[in-house]
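What follows is each chain in one-letter form.
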Amino acid sequence: MSAPMSETLSLGLSPCPNDTFIFHALLHGLVPAPVAFRPHLADVEELNGLARRKELDVTKMSLGAAARIMDDYALLASGAALGWGCGPLVVAREALQPEAWATARVAVPGLLTTANLLLTLHGGFQGPRREMLFSEVMPAVARGDADLGVIIHEGRFTYQRMGLTRILDLGEWWEGAFHMPLPLGAIAVRRDVPPATAKAVQTAIAGSLRYARAHPAASRDFIRSHAQELDDAVTRAHIETFVTDYSLDLGEAGRKAIELLVGRAAALEGRRIPDEGLFLR
C-alpha cells in the first residue's frame, strides 16, 4: 500500500469499461499512488468541457478536443485509447450510397469528440450535425430523428440489435488514409501540476493497468456498476478493443499518431501546438 498522501488531485474518467478497467486498481488502493484522487465519472464530452474550463487536474479527454486545451494540459503516456480496429462507426437505418452522405443529418456524440473530428476530416459529411449523449445516438437514428449516427463505446458491438446498418468505419478510413493507429482518447494532466507529481501519476496509471491485466476478475463488479451495457461478452470485447499496448505506453508510434490527429485539428481551427509540445516531458 502507498504511504499517507497530503495532496489530492481531481481525476476525470468515463464510466466506460476501458476506463474503469484501467483505473480500478488505482482508485481502490491496489497499487501505489503518489497522491489521493477525487474521481469524477462522466461522459467523455462532459469531461472535454470540464477540461476546457480547467476544472480537472487529471482527466480522460477526447483527442478531438486536444487542440483547444493543450495550452493548459499535457498528455500522459499511459491510459490512452488508441489502436487498430477501434474506430467510430457511421450507421443508418438502411444502406446509403456515398453521394447521399453529403447532406445527411448526422447525430454525433459531442462536437469535441474525436468521432466528430474524424467525420470532419473525412470530408464527405457536410450536412447538419446534432450533438447528444453517445447513448442517445442509436435511438435517434432508429426513430428517424437523424439520417446517420456516429457511434462510439459499446455501440460498436450493439448497433445491429437496433436494426441499424454500418455504412462507414471511420477507423478503417483513418488507417487506410494515414497508415497509423487511430488515437481516440488520452489522459491529460494540468500543466501547473508539479512535474514530479505528474510523472508519478503517469507511472501509477500504467501500474494500475498492469494490475488489471494480471487480475482481470478484480475489477468486474466496478466495471459492471458503471457500464451502459451489462452483457459480459460486450464488456470483454469493449476492453479488448479499446485497451491496447498503447494504453500502457504510447511509444513512438502512438505519439506520432496523436501528433498527426491533433495537428490536423489545430489546422482546421487556426490554432497552433504549444511550444512545450503535446506530451508531458
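None of the values given here were measured: they were computed from a predicted structure.

## Some remarks on the domain arrangement of the protein
Split by domain assignment, the protein resolves into domain 1 (8-83 + 181-269) and domain 2 (89-178). Inter-centroid distance (C-alpha atoms) of domain 1 to domain 2 is 24 Å. Of the roughly 2,300 Å² buried where domain 1 meets domain 2, counting both sides, 72% is carbon and sulfur surface. There are 1 salt bridge connecting domain 1 and domain 2. In this structure, Arg161 engages Asp231 in a salt bridge whose closest nitrogen and oxygen atoms are separated by 4.0 Å. Among the elements that make up the side of domain 1 that touches domain 2, the one with the highest residue count is helix α13 (residues 251-269) (6 residues).

## Concerning the nonpolar core
Buried together is how nonpolar side chains tend to be arranged in soluble globular proteins. Membership of the largest hydrophobic core comes to 53 residues, with the highest contact counts inside it found for Leu75, Val90 and Ile258. In this structure, this core is formed jointly by two domains, domain 1 (8-83 + 181-269) and domain 2 (89-178), each of which donates at least three residues. The residues touching Ile258, leaving out its near neighbours within four places in the chain, are Leu63, Leu75, Leu82, Pro183, Leu250, Gly263, Leu278 and Phe279. Counting 28 residues, the second largest nonpolar core, distinct from the first, contains Ala25, Val31, Ile239 and Leu280.

## With respect to the UniProt feature "active site" (unreviewed entry) in the protein
This chain's UniProt record puts "active site" (unreviewed entry) on His153. Along the chain, His153 turns up in the loop between β9 (148-151) and α7 (155-158). Contacts of His153, omitting those with residues within four sequence positions, involve Cys16, Val44, Phe134, His238 and Phe242.

## A closer look at helix α9 (residues 195-214)
Relative to the 28 Å expected for 20 residues at 1.5 Å per residue, α9 spans 29 Å between its end C-alpha atoms, a close match to the ideal helical length. The set of residues buried in α9 consists of Thr197, Ala198, Val201, Gln202, Ala204, Ile205, Ala206, Ser208, Leu209 and Ala212. For α9, the secondary structure elements touched by its buried residues are β1 (8-13), α1 (17-27), β2 (36-41), β3 (58-62), β11 (182-190) and α12 (245-248).

## As for the sheet that holds strand β7 (residues 106-108)
Strand order in the open sheet formed by 5 strands is β8-β7-β9-β6-β10, with mixed pairing between adjacent strands. Strands with a single pairing partner mark the edges of an open sheet, and in this sheet they are β8 (129-131) and β10 (165-169). Taken pair by pair, the neighbouring strands of this sheet meet at an average axis angle of 30°, ignoring direction.

## With respect to the UniProt feature "binding site: substrate" (unreviewed entry) in the protein
Under the local residue numbering, the UniProt record ascribes the feature "binding site: substrate" (unreviewed entry) to Thr114 and Ala115. When you line up the elements, Thr114 lands in helix α5 (residues 114-122). With a relative accessible area of 3%, Thr114 lands in the buried category. Polar side-chain contacts of Thr114 include one of 2.9 Å to the backbone nitrogen of Gly64. With respect to the helices, strands and loops of the structure, Ala115 is situated in helix α5. What makes Ala115 buried here is its relative accessible area of 3%. Beyond its immediate sequence surroundings of up to four residues, Ala115 is in contact with Pro88, Pro109, Val150, Ile152 and Leu170.

Each value, and the rule that gives it
Residues numbered from 1 in each chain as written. Predicted model: local features only at pLDDT ≥ 70, side-chain atom pairs only at ≥ 80, totals over all residues. Heavy atoms only, no water. Domains from an automatic or database assignment. Buried area = accessible area lost by both parts, 1.4 Å probe. Salt bridge = Lys/Arg side-chain N within 4 Å of Asp/Glu carboxyl O. Helix = DSSP H or I, 4+ residues; strand = E, 2+ residues; numbered from the N terminus. Core = buried A, V, L, I, M, F, W, Y, C linked by side-chain atoms within 4.5 Å. Buried < 20%, exposed > 50% of the residue type's maximum accessible area, 1.4 Å probe, protein only. Contact = heavy atoms within 4.5 Å. UniProt positions renumbered as here; feature names shortened; annotations may be inferred. Expected span 1.5 Å × (residues − 1). Pairing = 2+ DSSP bridges. Axes fitted to C-alpha atoms, helices over the stretch in contact; angles between N-to-C directions. Polar contact = N/O pair within 3.5 Å; in protein donor to acceptor, adjacent residues only side chain to side chain.

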